Amino acid sequence: MPVLVVVGAQWGDEGKGKIIDLLTERADVVARYQGGHNAGHTVVVGKDEFILHLIPSGILHKGKKCLIGNGVVVDPAALIEEMDGLIARGIRFEGSLMISGNAHLIMPYHKALDVASESLKGEKKIGTTGRGIGPAYADKISRAGIRMADLLDPQGFRDKLRQHTATANFLLEKYYGAAPVDDGRIYDEYMAYGKRLAKHIDDASLFLGEALRKGRKVLAEGAQGTHLDVDHGTYPFVTSSSPTAGGACTGLGIGPTTITGVMGIVKAYTTRVGSGPFPTELQDATGELLRDRGREYGATTGRARRCGWYDVLVIRHAARVNGLTSVAITKLDVLDGIDEIKICVGYKHKGKLYEEMPADLSVLEACTPQYITMPGWKESTVGVTKYDKLPKKARTYLEKICRLSGVKPSLISTGARRDETIILERPFQKPVVRKSTVRRKR
Ligand code: GDP
Ligand code: IMO
Ligand code: MG
């Protein structure tokens, strides 16, 4: 019963979409376990680019089952829009898409509350995607959520909607001074969504349990990244769910013993969207170069991503909290032609050297990153598919970042397309247990 969990190891946008699409070839089921349409996962097939927000990145492969797990928050309007966009491009959903009845709905008041709360925070804002993610998860945890299965029960839905709209409108009007939402209109809209989505709503955990019993291979697709995790990220500058590997169990209804591997997706440098500490951020010409060459603009909001050097502490933390068994290193090609490439190996703050990621945000915000410098390479790595065809200096860089971070690469990505990948180890092989937290020599 093999489950391979795929997680972002940094602050999101590591290239999860590309890698999941690639791995889907060898899987039977692809299941998203958390987040919502705050995610933007890009898959490039030939000249065609697809950006997936809620639908698993395996959907472009025929005959594979795609699940949206109970841990995901679903805006049904966004889901239907995404489905329609894909249908117009020839993708079919009959029999291939299942949505857990226990997945919570994002309601219009969640979006209104997200926007109002960000605006009230002013300079201290989190820089959310404004999709209602935080308020939807807050309602789930405070037991005031409405779920996908409720769309199939008009009376129950109406009662819950009336009650929760009253609370949300009180907050919107009285606390935020924002416009209230209309529950009558929401009811009509959501009932129409329910009709459209009914055939996809089912017990996803049960389906997965049976699939695993039959030996089917499951890819658990994480959104966002380890450092945006509500528990293990740079709180409060995080998303409101658990992108780390543990989230796959609660977000899909599978047991930890079904997981046979955890692959971290690691960009060869670092990016972040929204507010929050980012020690290796480059606010200079090199940062701009990475942004331009890496086309680092948000796949969901179009915002410019903040760019910086590779940070060993960030990856070591991800290796530990996820129990990474391997990594896929993406966007190596973006570093082509840079004279000198830096790797952050520690943070200095008030005379103290940190070699592991500190939990204290004030350290992360004010620390001075400690770098080692590696020589860059002049040759192009775009589209290289064999490890020994990489320039020697690129190999040295890869080996250095992996050794320092305590991770083992199984894939190296040298371009956005499926075929622009070096495959070192096939997925769903036996996991190799890594001593990821053991201190290594430099
Ligand atoms: P995700 O959210 O983790 O799926 O990542 P995004 O799709 O938001 O951002 C990754 C971006 O990098 C997308 O535009 C991908 O098409 C692109 N990409 C992925 N892998 C590579 C790569 O190895 N090289 C280059 N140049 N682009 C890549
Ligand atoms: P993928 O799956 C990068 C960031 C937002 C903001 C914070 C909270 O494409 O990697 P939210 O709307 O979730 O409440 O915003 O999280 N964020 C992402 N950053 N990639 C993502 O998804 C993200 N999803 C949310 O920018 O800083
Ligand atoms: Mg993205």
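Residues numbered from 1 in each chain as written. Chains lettered and ligands numbered in written order. Predicted model: local features only at pLDDT ≥ 70, side-chain atom pairs only at ≥ 80, totals over all residues. Heavy atoms only, no water.

A. Broad picture of the coordination of the magnesium ion (ligand 3). Note on the magnesium ion (ligand 3): its protein donors are D13 (OD) and G40 (O). The metal-donor distances range over 2.0 to 2.2 Å. Here the residue D13 occupies a position in the loop between β1 (3-8) and α1 (16-24), and G40 occupies one in the loop between β2 (29-32) and β3 (41-45), the gap between them amounting to 27 residues. The partly exposed category is assigned to D13, whose relative accessible area is 21%. Judged by its relative accessible area of 11%, G40 is buried. (Donors = N, O, S within 2.8 Å, 3.2 Å for Na, K, Ca; no water. Helix = DSSP H or I, 4+ residues; strand = E, 2+ residues; numbered from the N terminus. Buried < 20%, exposed > 50% of the residue type's maximum accessible area, 1.4 Å probe, protein only.)

B. Up close: the site of ligand 1. What surrounds ligand 1 is a group of 19 residues, the closest being K16, G17, T42, D333 and S413. Between G15 and ligand 1, the recorded distance is 2.8 Å, taken from a backbone N or O atom to an oxygen atom. Here ligand 1, which alone exposes 590 Å², has 92% of that area covered by the protein. More than half of the atoms of ligand 1 fall within 2 Å of the grid points belonging to the second largest pocket. Breaking the shell around ligand 1 down by element, the ones donating at least two residues are α1 and β3. Here the residues of the shell around ligand 1 are counted per class, giving 4 nonpolar, 8 polar and 7 charged. (Near = heavy atom within 4 Å. Polar contact = N/O pair within 3.5 Å; in protein donor to acceptor, adjacent residues only side chain to side chain. Areas by Shrake-Rupley, 256 points an atom, 1.4 Å probe, with all protein chains shown as cover. 1 Å grid on protein atoms, 1.4 Å probe; cavity = no way out; pocket = protein on both sides within 12 Å on 5 of 7 lines; lining within 4 Å. Sits in = over half its atoms within 2 Å of the grid points. Nonpolar A, V, L, I, M, F, W, Y, C, P; charged D, E, K, R; others polar.)

C. Examining the domain arrangement of the chain more closely. Taken domain by domain, the chain consists of domain 1 (3-76 + 205-423) and domain 2 (104-199). Centre-to-centre, using C-alpha coordinates, domain 1 lies 30 Å away from domain 2. Between domain 1 and domain 2, the residue contacts involve 23 residues of the former and 19 residues of the latter. Both faces considered, domain 1 and domain 2 share a buried interface measuring about 1,700 Å² in area, 60% of it formed by carbon and sulfur atoms. Considering only the side of domain 1, the residues that lose the most area to domain 2 are V73, V74 and P76, jointly responsible for 35% of the buried surface there. Here domain 1 is connected to domain 2 by 0 salt bridges. On the surface where domain 1 and domain 2 come into contact, there are 8 residue pairs in polar contact (both at pLDDT 80 or more). (Domains from an automatic or database assignment. Contact = heavy atoms within 4.5 Å. Buried area = accessible area lost by both parts, 1.4 Å probe. Salt bridge = Lys/Arg side-chain N within 4 Å of Asp/Glu carboxyl O.)

D. Representation of the layout of surface pockets in the model. Of the volumes computed, that of the second largest pocket is approximately 720 Å³. Counting residues per element, the ones that place at least two in the lining of the second largest pocket are α1, β3 and β4 (48-52). Classifying every residue of the lining of the second largest pocket by side-chain character gives 6 nonpolar, 12 polar and 14 charged. (Points joined across faces, edges and corners; volume = space filled by probe spheres on them.)

E. Here's a closer look at the sheet that holds strand β10 (residues 218-221). With mixed pairing, 10 strands are arranged side by side in an open sheet as β9-β7-β5-β2-β10-β1-β11-β15-β19-β20. Pairing within the sheet leaves two strands with one partner each, and these edge strands are β9 (201-202) and β20 (421-423). Across 4 bridges, the pairing between β2 and β10 is parallel. Looking at β10, one finds that V30 is bridged to L219. Where α1 meets the sheet, it contacts β1, β2, β10, β11 (259-267), β15 (326-330), β19 (409-413) and β20, and its direction lies at approximately 165° from that of β1. Packing against the sheet, helix α7 (residues 204-213) makes contact with β1, β2, β5 (65-68), β7 (97-100), β9 and β10, and its axis sits at approximately 140° to β5. (Pairing = 2+ DSSP bridges. Axes fitted to C-alpha atoms, helices over the stretch in contact; angles between N-to-C directions.)

F. Region of interest: the state of the cysteines. Within the structure shown, the criterion is met by 0 disulfides. With no disulfide partner, C66 has as its closest neighbouring cysteine sulfur the one in C249, 20 Å distant. Residue C367 stays outside any disulfide, its sulfur separated by 7.2 Å from that of C344, the closest cysteine. Note on C367: relative accessible area 11%, which makes it buried. (Disulfide = S-S within 2.5 Å.)

G. A look at the packing of aromatic side chains. The tally for this structure, following the rule as stated, stands at 6 aromatic pairs. A ring pair is formed by F157 and Y187, whose centres lie 6.1 Å apart and whose planes are at 45°; its orientation type is tilted. Note that F157 is positioned in helix α5 (residues 154-175) and Y187 in helix α6 (residues 183-197), a separation of 30 residues in sequence. We note that F157, like Y187, is buried. Judged by centre distance (4.8 Å) and plane angle (80°), the ring pair of Y175 and Y176 falls under edge-to-face. The exposure class of Y175 is exposed, given its relative accessible area of 53%. By relative accessible area, which is 24% here, Y176 ends up partly exposed. The rings of F157, Y187, Y190 and Y193 are connected pair by pair, giving a single aromatic cluster. One cation-aromatic arrangement involves R89 over F50; the distance from NZ or CZ to the ring centre is 3.9 Å. The aromatic ring of Y187 is capped on one face by R158, whose charged end is 3.9 Å from the ring centroid. (Phe/Tyr/Trp six-rings, centres within 6.5 Å; stacked < 30°, edge-to-face > 60°. Lys NZ or Arg CZ within 6 Å of the ring centre and 35° of its normal.)

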